[in-house]
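Close look at the chain arrangement
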Amino acid sequence: AQSVTQLGSHVSVSEGALVLLRCNYSSSVPPYLFWYVQYPNQGLQLLLKYTTGATLVKGINGFEAEFKKSETSFHLTKPSAHMSDAAEYFCAVTGNTGGFKTIFGAGTRLFVKA
Amino acid sequence: IAGITQAPTSQILAAGRRMTLRCTQDMRHNAMYWYRQDLGLGLRLIHYSNTAGTTGKGEVPDGYSVSRANTDDFPLTLASAVPSQTSVYFCASSEGPNNSPLHFGNGTRLTVT
């Protein structure tokens, strides 16, 4: 079975500050990990994904995430927040468990202050 | 523009009524999914289909049914709606393998009264 825990339902940062959104996962098989972003009244959009290989993955809009197997973590970061980054962010995990099922965390809403 | 189309955009439904949420994709993706999104709970998988002709149960399947008669369409049916099914429903698709990202529609906001 797989699960995802996102620490902090709300995160608030100032414009220009570091963004750090935390995600820990549980998986009985090697995981594939994703971050998605959701803007108001829209569906989710892919930010980045980790499958295999390099553990530091870069995504759109300056975001990146690092897969740390020993910590079962996949935290999302961005060096400098922009007002347009305000949205809800979801961490997700899939694995080869006999079906293409993606499990999502509860989400973290990012607020960016001017 | 290629993608996923969901209909209706929103609906108010009386408890006990039957409702089908429609989902169509034009990307020829093998796998399709239905999720519900509730505040504080994120997205929970209702049903999925790895390929046309097959379906499977997700985390919260009770009260819902699906069919996958062809590659493009994946309707979700509530046979007898209850207030706890008030939610935002998202349809998604992926090419199939577990490392493929999901592509989402814009959702259907359903209120059961």
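Described below are features of the structure shown in this document. (Residues numbered from 1 in each chain as written. Chains lettered and ligands numbered in written order. Predicted model: local features only at pLDDT ≥ 70, side-chain atom pairs only at ≥ 80, totals over all residues. Heavy atoms only, no water.)

Secondary structure assignment for chain A yields zero helices and eleven strands. Across chain A, helices and strands are ordered from the amino to the carboxyl terminus as β-β-β-β-β-β-β-β-β-β-β. Its C-alpha radius of gyration of 14 Å places chain A within 12% of the 13 Å reference for a compact globule of 114 residues. When its C-alpha atoms are laid out on the principal axes, chain A stretches across 45 × 30 × 20 Å. Within chain A, the fraction of its 114 residues that count as buried is 43%. Partitioning the intrachain contacts of chain A with sequence separation of at least 6 by distance along the chain shows that 57% fall at a separation of at least 24. Within the structure as shown, chain A displays about 5,300 Å² of accessible surface, and the carbon and sulfur contribution to it stands at 53%. Counting 9 positive and 6 negative side-chain charges, chain A places the centres of these two groups 6 Å from one another. (Helix = DSSP H or I, 4+ residues; strand = E, 2+ residues; numbered from the N terminus. Rg over C-alpha atoms; globule rule 2.2 N^0.38 Å. Buried < 20%, exposed > 50% of the residue type's maximum accessible area, 1.4 Å probe, protein only. Contact = heavy atoms within 4.5 Å. Areas by Shrake-Rupley, 256 points an atom, 1.4 Å probe, with all protein chains shown as cover. Lys, Arg positive; Asp, Glu negative; His and termini not counted. Charge placed at Lys NZ, Arg CZ, Asp CG, Glu CD.)

Residues and elements named next belong to chain B. Positionally, Ser 87 belongs in strand β9 (residues 87-94). A distance of 3.0 Å separates the side chain of Ser 87 from the backbone oxygen of Gln 37, its partner in a polar contact. With residues near it in sequence (within four places) discarded, Ser 87 still touches Arg 36, Gln 37, Asp 38, Thr 108, Arg 109 and Leu 110. (Polar contact = N/O pair within 3.5 Å; in protein donor to acceptor, adjacent residues only side chain to side chain.)

The computed volume of the largest pocket comes to approximately 610 Å³. Taken together, 28 residues line the largest pocket, and the ones lying closest to its centre are A:Gln38, A:Arg109, B:Gln37, B:Val88 and B:Arg109. When contributions to the lining of the largest pocket are tallied by element, the ones reaching two or more residues are β9 (87-94) of chain A together with β4 (31-38), β9 and β11 (108-112) of chain B. Counting residues per element, the lining of the largest pocket draws most heavily on β11(B), at four residues. Residues of the lining of the largest pocket, tallied by class, amount to eight nonpolar, 16 polar and four charged. For the second largest pocket, the calculated volume is near 160 Å³. As for the second largest pocket, its lining consists of A:Tyr25, A:Ser27, A:Val29, A:Pro30, A:Pro31, A:Tyr32, A:Tyr50, A:Thr51, A:Thr52, A:Phe67, A:Lys69 and A:Thr72. (1 Å grid on protein atoms, 1.4 Å probe; cavity = no way out; pocket = protein on both sides within 12 Å on 5 of 7 lines; lining within 4 Å. Points joined across faces, edges and corners; volume = space filled by probe spheres on them. Nonpolar A, V, L, I, M, F, W, Y, C, P; charged D, E, K, R; others polar.)

Residue and element names in this part refer to chain A. Sheet architecture is open: five strands sit in the order β1-β3-β8-β7-β6, paired in antiparallel fashion. With partners counted over all chains shown, the strands left at the sheet margins are β1 (3-7) and β6 (56-58), one partner each. The sheet shows a mean angle of 20° between the axes of neighbouring strands, direction not considered. Bridge count for strand β3 (residues 19-26) against strand β8 (residues 73-78) is four bridges, and the pairing is antiparallel. (Pairing = 2+ DSSP bridges. Axes fitted to C-alpha atoms, helices over the stretch in contact; angles between N-to-C directions.)

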